[in-house]
Each structure stands twice: as structure tokens, then as C-alpha cells.
Amino acid sequence: MVTLHVNGKPQQVDVTPDTPLLWALRDALGLTGTKYGCGMALCGACTVHLDGQAVRSCVTPVSAAVQRKVTTVEAIGADRVGKAVQAAWVELGVPQCGYCQTGQVMSATALLKQKPQPTDADIDAAMSGNICRCGTYTRIRAAIQQAAGRKGGTK
Amino acid sequence: MNTPLDPTTSAASDAPSDSPLLLANVSRRGFLTGVSALGGLVLVVGFPAALRAADPPKYGADGMPDGWVDDPLAFVAIGEDGTVSIVCHRSEMGQGVRTSMPMIVADELEADWKRVRVVQAPADQKRFGNQDTDGSRSTRHFFDPMRRCGAAARAMLETAAAARWNVPVSEVEAQNHEVVHRASGRRLGYGALAKDAAKLPVPARETIRLKDPARFRYIGKGNLKLIDGPDIVSGKAQYAIDTRLDGMLYAVVARPPVYGGRVSKYDATQALKVPGVVRVVEIESSAPPAEFNPLGGVAVIARNTWAAIKGREALTIEWNDGPNAEYDSVVFKATLEQAARKPGKVVRNEGDVDAAMASAARRLEAEYYIPHHAHATMEPPAATARIVHGKCEAWGCIQSPQVARDRIAKRLGISLEDVKVNVTLLGGGFGRKSKPDFMIEAAVLSKAMGGAPVKVTWTREDDLHNSYHHTVSVEHLEAALDAQGKPVAWLHRTVAPTIISTFNADAKNQAPFELGMTAINMPFVIPNVRIENPEATAHTRIGWFRSVSNIPHAFAVQSFVAELAAAVGRDPKDFLLELIGPARRIDTRTQGDTWNYGESPERYPLDTGRLRRVIETAAREAGWGKALPQGRGKGVAVAYSFVTYVAAVVEVAISDKGELTIPRVDVAVDCGAQINPERVRAQMEGACVMGVSFATAGEISYKAGRVEQDNYHSYEITRMAAAPREIRVHLVPGSFSEPLGGVGEPGVPPIAPALCNAIFAATGKRIRGLPIRDQLKA
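Residues numbered from 1 in each chain as written. Chains lettered and ligands numbered in written order. Predicted model: local features only at pLDDT ≥ 70, side-chain atom pairs only at ≥ 80, totals over all residues.

1. Describing the overall build of chain B
Of regular secondary structure, chain B possesses 20 helices and 28 strands. Its C-alpha atoms give chain B principal-axis dimensions of about 85 × 75 × 50 Å. Intrachain contacts of chain B at a sequence separation of at least 6 include 80% that bridge at least 24 residues. (Helix = DSSP H or I, 4+ residues; strand = E, 2+ residues; numbered from the N terminus. Contact = placed C-beta atoms within 7 Å.)

Right, here's the structure in full:
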């Protein structure tokens, strides 16, 4: 048994310590919004926040997540920035198949929390670890910019 | 309001006839289903017409298995609370079909979209009509039937209201979720009328009154958000990989690394010691052709996905690789090139190409190569199945649910009625998920586990190693030019293993549906034309990949036209327009084409006027002809595919070091009227990025019969920084009284040639083999 702190709650998870956080979240806790895409930190579909930092849960063993705060997409809407990102995604019709978008939302939220007014280069750097096979990149960029404008509550 | 798609509870409760909703289960009188003469025989999903030449021609939805259905009782249910449930019988994989199709019904029904919920149909083609979601067909095949569905339901509600008020039905009118009596101003909501309406017969098709398109609320407006958008961004949306059932087991499968291979022997001792591993089960392999059969191999079944993955790593397997053990992409490229340099089966022949070539002022030739590709859907194939009292229920990210149902029934030896296939959201499809092999695996493993629910998850490595790959191709082009630089002869040899080889191991020539994708239906005004198809042997499972054979054919044809223009010092856009010639409507049968995307060549001629218009539109919007700074260039290409016309102008910037960026792409599309223009734009944007991706980065190659790429580090997909910075989509207006074109695929074919033509304009370097990778740095 491993105790994880997920979305504000302690959770007992019956997995071996080497199990990637991804599979503990998905299979043991039923938090399937965090997606499997590659298992090698290449695509970003599994992005979660660990103490506020975007990490790839597919290569993060649960042993490295104990004593730290795990936030998944299921709870990111409770965050002001996360909510603005989700709203921009819906407003601009970013998703196509949608499978990678939870990871995109998590990466974008982490970016905006660190850099509230990101440049194009900031966006490239923060988002190029997230693959979208449907090719929604131009809308992702526009949605990040929109969310950046909204966060101050002026737009 | 937007109903989350929940596959774990989709059982009977999702089907409107089994719900407490009221406009359901009454007489089907007056409604006949449009049923294809092909019945249940689907040799190749999506390409039936190509394979049964003896049948009298049937076009459009009529040519598809189980045709179309326009029965409102199959698609619409209205609750007493006024909630309108509309069935979507096509699979959602990012094209927006769960929004666009119900929107058509809702508009004709005069339903308020805010009170509409969308219900995903399980596999049941007899009830819903064809469900094979590929070929860019959903909207063009079901726009009319879905309109009739909505209009018939509206008529029933109007009739019910008129009876309630004892007034002639001509005095009442449905308006935005209620029926109004014009003279008295009385109103009744749909919820209050549902019960009465359900008792009425469905009106006969010929009496149905469709809306005047001028009164559409949603169709053509682009004013509705994606129905699944909020669920997608909050992680609630359910894909096949997310299915969870009580007592569910998790499986991964070690499949033969070589096509046609099988297990010689295996040792599961160490695998069974991995904590969480429950059992190891062999899945029987079958000899090629693969068809839709599982590849076989050894499955590890565990308490969670990670344990199954670790268990599989601990297996010891000795494979018998079979006849494709020597498949090597470097060697095979040379084989294709040799075939392309010798005459092959002539599939179109006009004039005398040899004589024209011999006497021409100038001759040019070029060869183009595109390697295998994998769909690499972000959600890999995944499926869950359980068997209870001899009945199998399965959940999958499947483009062809009816085929999955049929094949599961056959593999388990049970009747079709005893198999239910639920369709989840698809995390990408692109043709991969038309093949239900992965769903059959889940059913086989559930059976091996005594009917317990088993979820099969393909890892990314599995997906790249064992896909139904896009074919590999060499296109050989030759042209003769007269003294004025005008092309007088055209020879195109297209060589590529055919998709048919996946169904008939001996097939070596491209099928009509492959040749009919931008090869045989070349529309240029050239007096001497010969198109040949030399043989090629498949050594892996060849499948269809978004826009299919248009990818190699359009790349070669549109690159070669630009090469000819450069050779004679002409502007490539003007030269292309001149080759296309004046506006005219070509019956593609006159070119030897028997495919035309399954559509009637009379209803859907190849219209060169429309081809010209998209080129002119894209060029104008892109500012074609304006001077560009050093290192920048623009390229143009066009394609007619899936009865839609798309032109692209790509602008590139290439640094001194040969680094490529794409500041802007202008895409002009003429797909006829746009039902959901916002999603048409989205599809063109996505198709553009996919085109850039296979043009610049990815490649699937084989060595010793095995795929050399394992994951996204070796099979590269375009990422944000390398994607076009701006994609501008220009929609050519269309009329709702004209036939519709496809949208999901046609945006792909022009991108790679337009990109390479732009690179030529910027640098003078001609790319003939994809991917580009570091060719610009040489």
C-alpha cells in the first residue's frame, strides 16, 4: 500500500512502488482523465501537476509522488488558471478527438501559473512536449493567449 | 446538458427504445430502410463498390452495407420533460460528428440545441444504416436521411398539437421546441406533446416537408460548440482505454513482430511471478491475409495495466517469423524503383505516349518516394469485452462497429444477436480503428478467462510495430514538352503494395479505389496519357490511412507539375491552371476510373471549374506573386479527393543552416455546402498539420521483417514549435441543393506537395523523397 495525496485527498493505492503514477491514477483510483500515450515521457498525454509542477506521470513512480501534492485534470477546474484554460479550450473549439487535450490543459495551466503572459517562444517551449495527432496546435496557442488575457478578469 | 458518454453504463439504457422516452417504439410504417445489395458482405470496409464489379452500380449511401435509414423512431426520442435525445450512429474521432449529425436532426426538428442530448448508437446497422465511419462519408451520406428524420418527427409533433387543439395541421407550426397555433397564439412544448406524437404513424417519406435552408438555425451556421467539449477538457470524456467494469482484468499482448509470424514456443514462468499477473494465454495466429483477424501471440492478463506490461517483459518467446522475415525497407525501395522503371499494367491510355515522347522537344522524368506510415492515434487501440450467459458485450474505439460485432460473433462461434458492441469516443482514428482486430482480442481473452471482463490495451510500441500501415510507394513520372513548353505527353507509373493484399495475399495491383485517388483521374489537358500500375508485393498489413492513396499520388503529380513549370520558366500556379484547362465537368469513367469515391459520376463529376476556383482562392488569399525576403518561398498544390476540392499554398522560411519553419498556410476548400463550417475549418487545420508531419518527420521502416520504430522518439510527429504558425482556411460557399463533399480526409493530399514546392521556390532544392528530415541541411 502506498499513500498518495491526490486532488486534496489522501488515497490508499494497492500497487508496487515502481508503478508509474499514471497507472495508479487510472487503474487503482479510476482517474482516467490522465491519459496513456507513450509510457516514455514523449507525448505529454499523461501530464499531471506534482506540487504545482507539470510532470509526466507515465515515468513518475508512485514512490516519487508520496508526500507530494498530485493534481489531475479532474481537479484543475477548481484552480482559477485551470478554469480559465478549460474555458478558452471550449470557447475556441480546440479539441478534435480530445484525447491529448487533458494533458495539453495541464501543461498550459502550469505554463500560465509560472508565466501569466507567455510569449510565443514560451508557449513553444512549454507545449512542445505535448503531441496532438489531430493537429490542433494553432488553436492551442490561441487558447493559451486567450486564457492569459482572461486571468486578470479584464477581458 | 451534454450527456457524458459512459461506456460502462451504456448497456441497454442508452438505446432510446429501451429508455422511458416516449417518441419511440411505434409503427415503422412508411419507412423503408435503404439497404445495399451488398448486404452484410464487407470484404473491405469502406470500399465495397470496388470489389463487386458484377453488381449493378449503387452509389453513395446506397452502395454501402445496410445503406441508410431515415426512421425517426430509430434516431429521435422525446421525454415528457422535453429533453430530445438524438442518436449519433457514426463514430466520433475528432471530426465532430457527434455534434454535426445530431445538429442536422435538431434543426429540422426545430429542437432547441440546449435541450438536446446525444446518444451514441451501438453496432446495429439494420436499425441505423451504415456505421463504417471512414471515407469522409458521414455527412454526405446522411445529411438527407437525418434531415428527413428530424422533419418527420417535427410533423408528428405538429399533428399531435393540431389534434389537441382540434385545428387543421396547416394552422400550426413547430418553432424552437414548441408547436404554435398561428391564429390563436396557443403553444405547446415538445415534452407535453411527446406522448401523443408517439401514438401517431410516422409520415410517409414522400409527404415529409423539409425546411427551406434559409430558415436553418444550426446547419451552416457554425454557432454550436462541440457537444463533448466540456467533458473533454475536464477529463470526463470516456475513450475505450478508459472503460472500467467490476472485476475487470487488464491485458497486454506480445504479438508476432513479423507479419505472418507465429509463436514457436514460450515460457511464462517468470511472467507469472510478476506481482499482479493472473494468467498467460496464447492467442492463435492465422496465416496471411490478416483481414481483421488478431495477429495472435501471447497475452498477459493482470490486475492492472502496469503489471500486465511488466509481465509481458518477463515472457520468453521464440517466434517463427514466417515468409516476411527478410522484409527490409532499403531493399524494398530499390525493388519498387526497378518496377517503376519498367512497363506495368496499363490502366489508362490515350493517344500515343511513346510516339509523343520520341518526337518531343524536351522530356523530363522524376521519381517520388513515400515510406510506410503509422496512424499513431494518441489513444492506441483498446477494447474491453465480457461474456455473460453466452452473450458478449464489448466496448471499443471502433470506426466499424458492425464489422467488429460480426467478427466477434464469428470468432466466438455465437450469433450476431448475442454480441453487443458499444462505441466509445475514439482518441483518433485515421483509418486504423476501422480494423477490429483489437476488439476481437478482447473477446477472445474474455472467453479464455471464463467470461470475465478483460481490457486489452495496446502500448505505443504495439501500435507502431503491429499497425495496418500506410503503404510504401514509388511514383515514376515522365512528360514530354513541345517547343512552346506545353506538355504533350504524360506517363505515370504508380507502384505500391495494395490494401487488397490484406484481404487477398496474392493481390499485387492497386485496386480501382486506389488508382482512383489522384492517379487514373488526372484531369490535365494533355493529348497523350498513359498510366501504368506495375506489381508490388506486400510484406506487412497494409491499411487505409487518412486520405489513403491520394497521399503518394498527389505528392508525385503536384510536385511534378511544379517541376515542369520550373523547367520551362513558368509560374507554377499559372502553369497548373493551364494544365487543368477550362472549366468542365469530367465523367471520371471516361478516364477509366470506376471508383469516384463510391459516388455517381453524373452527380459528382470531376469539376475542373471548382478545381480552378480553389487554386485561385488559395493563391489570392495567400498573396501569391508578392515578393518575399531571402529564404522564403511559396508553393501551391491541389487535389480532388473524397469528391471535394482542396488547394493549399504553403509559405516556408528556410534559414542559412537549412532549418525549416512554416509561417503560414492558406487552404481553400470546396466541399459544397458546409453543415458545420467551424468543424470544416478544424478538419482542414488538422489535416494540414498531419500533412506537414509525414512530409517532414516520420517514417516507418522495416529491417528483418520488423518495424524499426518503437515510440514517438523514433516515429516523430510534428510538435507545436514545428507546426505551421498560422493556418488560414477559406471556405468556398456552396448550395444545400447540390451534393455534398467529404471533409475529414481531403485536406491532407495537397499539403506535402505544396510544402515541397515552397521549399523549391525558396531554395531551388527539389525534395522527391519523404520525409524531408535533414535533406535541407545537406
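So, next bit.
2. Overview of the overall build of chain A
Check the secondary structure of chain A and you find six helices and five strands. Shown N-terminal to C-terminal, the secondary structure of chain A runs as helices and strands in the order β-β-α-β-β-β-α-α-α-α-α. Rg of the C-alpha trace for chain A: 15 Å, near the compact-globule value of 15 Å for 155 residues, within the 12% margin. Each principal axis of the C-alpha atoms in chain A carries an extent, and together these give about 45 × 30 × 25 Å. Put simply, of all contacts in chain A between residues at least 6 apart along the chain, 61% involve residues at least 24 apart. (Rg over C-alpha atoms; globule rule 2.2 N^0.38 Å.)

3. Things to note about the interface of chain B and chain A
The interface of chain B with chain A comprises 49 residues on the first partner and 46 residues on the second. Split by residue class, the side of chain B that touches chain A holds 25 nonpolar, 13 polar and eleven charged. (Nonpolar A, V, L, I, M, F, W, Y, C, P; charged D, E, K, R; others polar.)

4. Focus on the domain arrangement of chain B
All names here are of chain B. Taken domain by domain, chain B holds domain 1 (7–33 + 68–233), domain 2 (240–323 + 381–457) and domain 3 (329–373 + 468–777). Centre-to-centre, using C-alpha coordinates, domain 1 lies 40 Å away from domain 3. Taken residue by residue, the interface counts 17 residues in domain 1 and 21 residues in domain 3. Of all the secondary-structure elements, those providing two or more residues to the side of domain 1 that touches domain 3 are α3 (97–109) and α5 (138–165). Considering every element that reaches the side of domain 1 that touches domain 3, the biggest residue donor is α3, with four residues. Taken together, the residues that form the side of domain 1 that touches domain 3 break down as five nonpolar, nine polar and three charged. (Domains from an automatic or database assignment.)

5. A short note on the sheet that holds strand β19 (residues 487–495) of chain B
Residue and element names in this part refer to chain B. As summarised here, the arrangement of the five strands in space is β12-β20-β19-β18-β13, forming an open sheet in which the pairing is mixed. Both outer strands of the open sheet, β12 (345–350) and β13 (362–370), are each paired with one neighbouring strand and no more. Direction aside, the axes of adjacent strands within the sheet are offset by 10° on average. In the sheet, β13 pairs with strand β18 (residues 473–481) via nine bridges, with the strands oriented antiparallel. Bridging from a neighbouring strand, Glu 365 pairs with Glu 478 of β18. (Pairing = 2+ DSSP bridges. Axes fitted to C-alpha atoms, helices over the stretch in contact; angles between N-to-C directions.)

6. Quick look at the packing of helix α12 (residues 401–412) of chain B against helix α13 (residues 437–448) of chain B
All names here are of chain B. Across the interface, α12 lies against α13 with an axial gap of 9 Å and an inter-helix angle of 35°. In the crossing of α12 with α13, the sense of the turn from one axis to the other is right-handed. Facing α12, whose interface residues are Ala 404, Arg 407, Ile 408, Arg 411 and Leu 412, α13 presents Met 439, Ile 440, Ala 443, Val 444 and Lys 447. A class-by-class count of the residues in the contact of α12 with α13 yields seven nonpolar, no polar and three charged. (Left-handed = near helix turned anticlockwise from the far one by under 90°.)

7. Considerations on unusual backbone geometry
Residues and elements named next belong to chain B. Cis rather than trans, the peptide bond between Pro 288 and Pro 289 has omega equal to 5°. Within the fold, Pro 289 resides in the loop between β9 (277–283) and β10 (297–302). We note that Glu 110 has phi near 60°; this positive angle belongs to a residue other than glycine. One can find Glu 110 in the loop between α3 and β3 (116–120). Residue classification places Glu 110 among the buried positions, given that 23 C-beta atoms sit within 10 Å. (Buried ≥ 20, exposed ≤ 12 C-beta atoms within 10 Å, placed from the backbone.)

8. Re helix α17 (residues 572–580) of chain B
What sets the pattern is the α-helix's 3.6 residues per turn: residues three or four places apart point alike. Residues and elements named next belong to chain B. Within α17, burial applies to Pro 572, Lys 573, Phe 575 and Leu 576. For α17, the buried positions fall inside an angular range of 165° around the axis, keeping them on one side. Residues of α17 that are buried make contact with α16 (550–567), α18 (608–622), β23 (632–641) and α20 (751–763). At the C-terminal side of α17, Gly 581 shows a positive phi close to 80°. (Arc of directions from axis to C-beta.)

9. Structural notes on the sheet that holds strand β1 (residues 2–6) of chain A
All names here are of chain A. A sheet is described by the order of its strands in space; here five strands give the open sequence β2-β1-β5-β3-β4, paired in mixed fashion. A strand with exactly one partner marks an edge of an open sheet, and here the two such strands are β2 (9–13) and β4 (53–56). Taking each pair of neighbouring strands and ignoring which way they run, the sheet shows an average axis angle of 40°. In this sheet, β4 lies alongside strand β3 (residues 47–50) in antiparallel orientation, the contact comprising four bridges. Across the sheet, His 49 pairs through a bridge with Ala 54, a residue of β4. Of the strands in this sheet, β3 and β4 touch helix α4 (residues 101–114), which is tilted by about 40° from β3.

10. Here we look at the environment of Ile 759 of chain B
Tracing the sequence through the fold places Ile 759 of chain B in helix α20. Put simply, Ile 759 of chain B and Gly 631 of chain B are 128 residues apart on the chain and 9.0 Å apart in space, counted from C-alpha to C-alpha.

11. Comments concerning the pairing of β1 of chain A
Looking down a regular strand, the side chains alternate between one sheet face and the other. All names here are of chain A. As defined by bridge partners, β1 adjoins β2 across five bridges and the pair is classed as antiparallel. Counted as the bridge partner of His 5 is Pro 10 from β2. Remark: two residues form the turn of the hairpin made by β1 and β2, two consecutive strands paired antiparallel; Asn 7 in that turn has positive phi of roughly 50°. Pairing of β1 with strand β5 (residues 69–71) involves two bridges; the strand directions are parallel. Among the inter-strand pairings, Val 6 is bridged to a residue of β5, identified as Val 70.

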